[in-house]
Amino acid sequence: MSRGRLTAFLRGFWYALMLFLYAPLLVVVVFSFNSINSSARFAGFSLDWYKRLFANDVIMQALWNTAVLATVSTLIAVVIGGMLGYGFYRYRLGRLSWLVWLIYLPVIMPDIVFGIAEMTFFVLINQWLGILAPGLGTMIIAHVTFQVPFVALLVNARLLALDPSLFEAAQDLYASPWQRLSAFLLPTLRPAIAASFLLALTLSIDDFVISFFTAGPESTTLPIYIWSAIRKGVTPEINAIATLMIATVFLIAMLSMLGGRRRRTSDT
Amino acid sequence: MSEPAPPMQQRARSASSIGIDQVSRRFAADAVALDDVSLDIQPGEFFTLLGPSGCGKTTLLRLLAGLDQPDSGLIHIGGRSMQGVPPHRRSVNTVFQSYALFPHRNVRENIRFGLEMQRLSAAEISRRIERTAALIGIDKLLERGIDQLSGGQRQRVALARALVNEPDVLLLDEPLSALDAGLRGRLQIELRRLQRQLGMTFVFVTHDQEEAMVMSDRIAVLNHGRLAQIGTPQAIYEKPADEFVARFMGHENLLPIKKSDATGIETPIGRFSGDFAEGAYLLLPPQSLILHRLDQPAAPDCIEAVVDECLYRGGMTEYRLSCSDWPLVATLANQGRPGPAAGDRVRLEVVTRAAAVLQAEGDG
């Protein structure tokens, strides 16, 4: 039965996929609780590496940098991207509507190219004007730049899914321009804004390539720290950092999924 | 905070007249949506804008709501010029074709939207919501989400959301077009009754001529952005101004007038004597044609025809006939007697006082 064999093959494929996706993560998590300094033999459960982690000033500084970078860049990107997404919607039929495509460049551009370009650009500006020395500032600008398209895309998609007469209904029901923003547009877009906030946050926490090229000596983030530490070998300490990052990203993903489910039951 | 509003029933006095004076609207150089339309709507009138899609009826409604601006011409509501007045400053509310209910708000929150925007007091808001919900019959639905409502219920919520503001004018953009026939008929009667009760000026847009006739005090028929005819349902149906209006109102028996003189007119199916007005067509509405079987005693001035098709329509049967190779439609009430069958020869008695002479399209 070819159909039965196809089903068996697809099922096998699914299990293989899950194995290669989650087993490495599981190894990292398990060895982060190892009592000895080895990523090959598990000698017993301990929280030593986590204690060391939190005692390590360099790592704590990197964690702080990651958090500041992710939070600040995401807040800026959500505001700019949200307005952009609305602007694209509002003027989608205009003569310059094709300009929309320019914003999606960072989505398809390889990170390495984008990172190198940003670095070169910041260095040039720094030489000419003496501002934008590599550091958290340049990283925030770079992160906002690649986060904005994702936010704009999500907000725009939500707007396109709305009945266009809703905007007119709000006007018709006596809402002034400001009231339309606060009583109609923002509440209607809240699910899309929340989803894009969480997406932009994970994108920033995740990012290594662009951060690497735009960072300064004082602005090491967790991914950069891990990369530099790993050249001396994978230690259980790194496993512990990785485990915390996995947990954080999972938490954000869960939040976003729960929000999505609530939206589906309460919305149209 | 604010003065308690009078009950809705007492608001008839504040119903507003609408003046539309030489209004034109072009969307592109060659696309004229409204061409020099002038009409007046009386306070408390149920006024319908009727026409096929693209005739400009929705454009005119949007101009009244302030959602679009005329290129030329003036609009007055309640004697006040609406030039430069944005939608949120007009005492006009709209029931949208898609209902446009806010998805993030439940029924009560949808209805209170307009009241919130006007910053009425909480007590006044809840008083008005209760009253309107009872009036429309949705008091049991107030805490429901929008996605938990049927089509008819959504329609009622959209109506309540507009009426709760007690506007001077209520605009309705094909509000019943998404509903099935039975519900649609019931809501037509309900809307009509409600309008009478409130004494509010209603401007209703539809492409359904039967709906327009059932509901309206007066109808304006629009064709390609121009006003084709304005009048009572009876006047529009029985004395259509031109060929377009006649065909749009469902008339099929339009006979070109070949010759006319002082004693009568000549048509493809024969000569009719009498004093007829000047015009291009003789209109014979179904009620002007009385069908006789050949074996029945003949009335004077009968013409002969052959039955091509019988269409059973419940209360009556519609007969598609050929008369001197010219197609005609006549009806016969189904009263238990067998009627003529396809292929039968019949006699037609023409009641000329129920006939009308009308102009070619655009001449009127």
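Help me out: how do you make sense of the overall build of chain B in this one?
Secondary structure assignment for chain B yields 8 helices and 21 strands. For chain B, the spread of C-alpha atoms along the principal axes amounts to about 80 × 50 × 35 Å. Within chain B, the fraction of its 364 residues that count as buried is 50%. Counting only contacts in chain B whose residues sit at least 6 apart along the sequence, the fraction spanning at least 24 positions is 66%. Of the roughly 16,300 Å² that chain B leaves accessible, carbon and sulfur atoms contribute 48%. Averaging the positions of the 40 positive and the 45 negative side-chain charges in chain B gives two centres separated by 7 Å.

When you look at the pattern of salt bridges in this model, what are you seeing that I'm missing?
For side chains bearing opposite charge, pairing can occur when the charged atoms are close. Inspection of every chain in the model, using the stated rule, returns 27 salt bridges over all chains. In this structure, A:Asp48 engages A:Lys51 in a salt bridge whose closest nitrogen and oxygen atoms are separated by 4.0 Å. In this pair, A:Asp48 and A:Lys51 both sit in helix H2 (residues 48–55), 3 residues apart, roughly one turn of the helix. By relative accessible area, which is 57% here, A:Lys51 ends up exposed. Taking the shortest distance from any N to any O, the salt bridge between B:Asp217 and B:Arg192 comes out at 3.2 Å.

Mind showing me how you'd approach the interface of chain B and chain A here?
Note: interface size is frequently given as the accessible area lost on complex formation between the parts. Contact with chain B, which involves 28 residues of that partner, is made by 25 residues of chain A. Both sides of the chain B and chain A interface together cover about 2,300 Å² of buried area, and 57% of this is carbon and sulfur. Ionic pairing is found between B:Arg62 and A:Glu168, a salt bridge with its closest N-O pair at 2.7 Å. Taken together, the links from chain B to chain A amount to 10 residue pairs in polar contact (both at pLDDT 80 or more).

Would you mind showing me how to read the domain arrangement of chain B here?
Residues and elements named next belong to chain B. Partitioning chain B into structural domains gives domain 1 (8–244) and domain 2 (254–358). Computed over C-alpha atoms only, the centres of domain 1 and domain 2 are separated by 39 Å. Carbon and sulfur atoms supply 58% of the area buried between domain 1 and domain 2, which totals about 580 Å² over both sides. When the buried surface of domain 1 facing domain 2 is broken down by residue, Tyr237, Pro240 and Glu243 rank first, second and third, together holding 64% of it. For the pair domain 1 and domain 2, the interface holds 0 salt bridges. Viewed at the interface, domain 2 and domain 1 are joined by 1 residue pair in polar contact (both at pLDDT 80 or more).

How should the packing of aromatic side chains be read in this particular structure?
In this description, a pair of aromatic rings is defined by centroid distance and the angle of the planes. Under the definition given, this model contains 16 aromatic pairs over all chains. Look at A:Phe208 and A:Phe212: their rings are 5.4 Å apart centre to centre, the planes differ by 40 degrees, and that puts the pair in the tilted class. Residue A:Phe208 is classed as partly exposed on the basis of its relative accessible area, which comes to 23%. Put simply, the rings of A:Tyr89, A:Phe167, A:Phe184, B:Phe102 and B:Phe113 pair up and form one aromatic cluster. Directly above the ring of A:Tyr89 sits A:Arg92, whose terminal nitrogen or CZ lies 4.1 Å from the centroid. Geometry around B:Phe102 places B:Arg161 over its ring, the cationic atom sitting 4.9 Å from the centre.

What counts, and where the lines are drawn
Residue indices begin from 1 for each chain and proceed along its sequence in written order. By the order in which they are written, chains take letters starting at A while ligands take numbers starting at 1. Per-residue local features are limited, in this predicted model, to residues with pLDDT of at least 70; the limit for side-chain atom pairs, both in listing and counting, is 80 or more; totals at the level of whole chains, interfaces and linings are taken over all residues. Only heavy atoms go into the side-chain values, all of them from the structure, while hydrogens and water stay out. Under the DSSP-based scheme used, a helix requires at least four consecutive residues in state H or I and a strand at least two consecutive residues in state E, with every element numbered from the N terminus. Three labels apply to residues, based on accessible area from a 1.4 Å probe with only protein chains included: buried if under 20% of the type maximum, exposed if over 50%, partly exposed otherwise in between. Residues count as neighbours in contact if any of their non-hydrogen atoms are within 4.5 Å of one another. Where accessible areas are quoted, they stem from the Shrake-Rupley method and a 1.4 Å probe; at the residue level, only the protein chains shown are allowed to cover. Just so you know, the count uses Lys and Arg for positive and Asp and Glu for negative, and it drops His and the chain ends. One atom stands in for each charge, and that atom is NZ of Lys, CZ of Arg, CG of Asp or CD of Glu. We define a salt bridge as a contact between a side-chain nitrogen of Lys or Arg and a carboxyl oxygen of Asp or Glu at a distance within 4 Å. Defined in terms of a 1.4 Å probe, buried area is the accessible area two parts forfeit on being brought together, summed over both. As used in this structure description, the phrase polar contact means that two N or O atoms lie within 3.5 Å; if the pair is within protein, one of them must be able to donate a hydrogen and the other to accept it, and residues adjacent in sequence are counted only when both atoms belong to side chains. Either an automatic procedure or a domain database provided the assignment from which the domain bounds are taken. Centres within 6.5 Å are what make two rings of Phe, Tyr or Trp a pair, Trp counting through its six-membered ring; a difference in plane orientation under 30 degrees is then read as stacked, over 60 as edge-to-face, and the rest as tilted. Placement of a positive charge over a ring is assigned whenever Lys NZ or Arg CZ falls within 6 Å of the ring centre and within 35 degrees of the normal to the ring plane.

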